[in-house]
Amino acid sequence: MKTKSQWDSAVDIYNEGMGEEGDVLNNTLIYPIIIKLLGDLKNKSVLDSGCGSGYFTAKLAINAKEVIGTDFSESFIKLCKHKYITVPNLSFQQQDVTEKMPFKDGSFDSITSKMVLQYVEDLQMFADESFRILRKSGHLIIAVDHPFNTQFYFAQKLAGSTNPKYKSLSHYFDRNEQTKRSLWGKVDLSWYPKTIADYIMPFIDKGFYLNTIEELSEEKKGTPIPRVLILDFLKK
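Given the structure is predicted, the values throughout are model-derived calculations rather than measurements.

Analysis parameters
Numbering of residues starts from 1 in each chain and follows the order in which that chain's sequence is written. Per-residue local features of the predicted model are confined to residues with pLDDT of at least 70, and side-chain atom pairs are confined, for both listing and counting, to 80 or more; whole-chain, interface and lining totals are unaffected and use all residues. Excluded from the side-chain calculations are hydrogens and water; all other atoms, namely the structure's heavy atoms, are used. Per the convention used, a helix needs a DSSP run of H or I reaching at least four residues, while a strand needs a run of E reaching at least two, with both numbered from the N terminus. Classification of residues uses two cut-offs on accessible area relative to the type maximum, computed with a 1.4 Å probe and protein chains only: under 20% is buried, over 50% is exposed, and between them is partly exposed. Salt bridges are identified by distance alone: a Lys or Arg side-chain nitrogen within 4 Å of an Asp or Glu carboxyl oxygen.

**Points about unusual backbone geometry**
Positive phi outside glycine occurs at S137, with the angle close to 70°. By the element assignment, S137 lies in strand β5 (residues 134–145). Not every positive phi belongs to a glycine, and W184 is a case in point at roughly 60°. Since its relative accessible area comes to 39%, W184 is described here as partly exposed.

**A short note on the pattern of salt bridges**
A side chain of one charge can pair with a side chain of the opposite charge if their charged atoms are brought near each other. On inspection of all chains with the given rule, the structure shows 14 salt bridges. Between E21 and K59 there is a salt bridge, and its shortest N-O distance comes to 3.1 Å. One end of the pair, E21, is in the loop between α2 (11–18) and α3 (24–38); the other, K59, is in helix α4 (residues 55–61), with 38 residues separating them in the sequence. On the accessibility criterion, E21 (45% relative accessible area) is partly exposed. Ionic pairing is found between E129 and R132, a salt bridge with its closest N-O pair at 2.8 Å. Residue E129 and its partner R132 are located together in helix α6 (residues 124–133), separated by three residues, close to a single helical turn. By relative accessible area, E129 is classed as buried at 4%. Overlapping salt bridges bring together D145, K180, E218 and R227 as one network.

Written out as structure tokens, the structure reads:
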């Protein structure tokens, strides 16, 4: 799998860039919103799906009863197990979000998936399995690159100014695989463009209730543009 090999080769780069607090985007924008949406984690079990280097997963474990981090990269899981071996309520295991999860029905109070699903072509299995393993009234919180972010750069491309991060950008409804120069300009990663509806409807169709939408911005030449889309789904 091309995407998996790309991430396996980027373990050290990602771990160094994120550290134990996350980069500016994650630490100052994404993390505070997800923590607010999760609420009180005392006595709660949490799954962090797509845990990467584990720094965010470890933060969740500070207040939660139990946290499990999963990632499709064996290299990331080995790293996480080594880094957090002394944290008693934190564990990691390899798991691809496009496959069935090895957890019993109703295993978790909350599920998070931070900046992962833009790299996943089909979200249906993740929606199905998240609903199955989440307890009633549990929250599924996902954060992704805002679909309008790349459309800002596509508009610039049409105006004759191409962003070197993106080798090819197309219109909003083109869902074909694309490549971007990511992780602080050091790694080429494959990603799958989606509309906002593409990120919402697989979960609604499964039975989730859309509880909250958060749209986070970043400034470009003094103008705020969409950067991160956060969706908080509730299992009724």
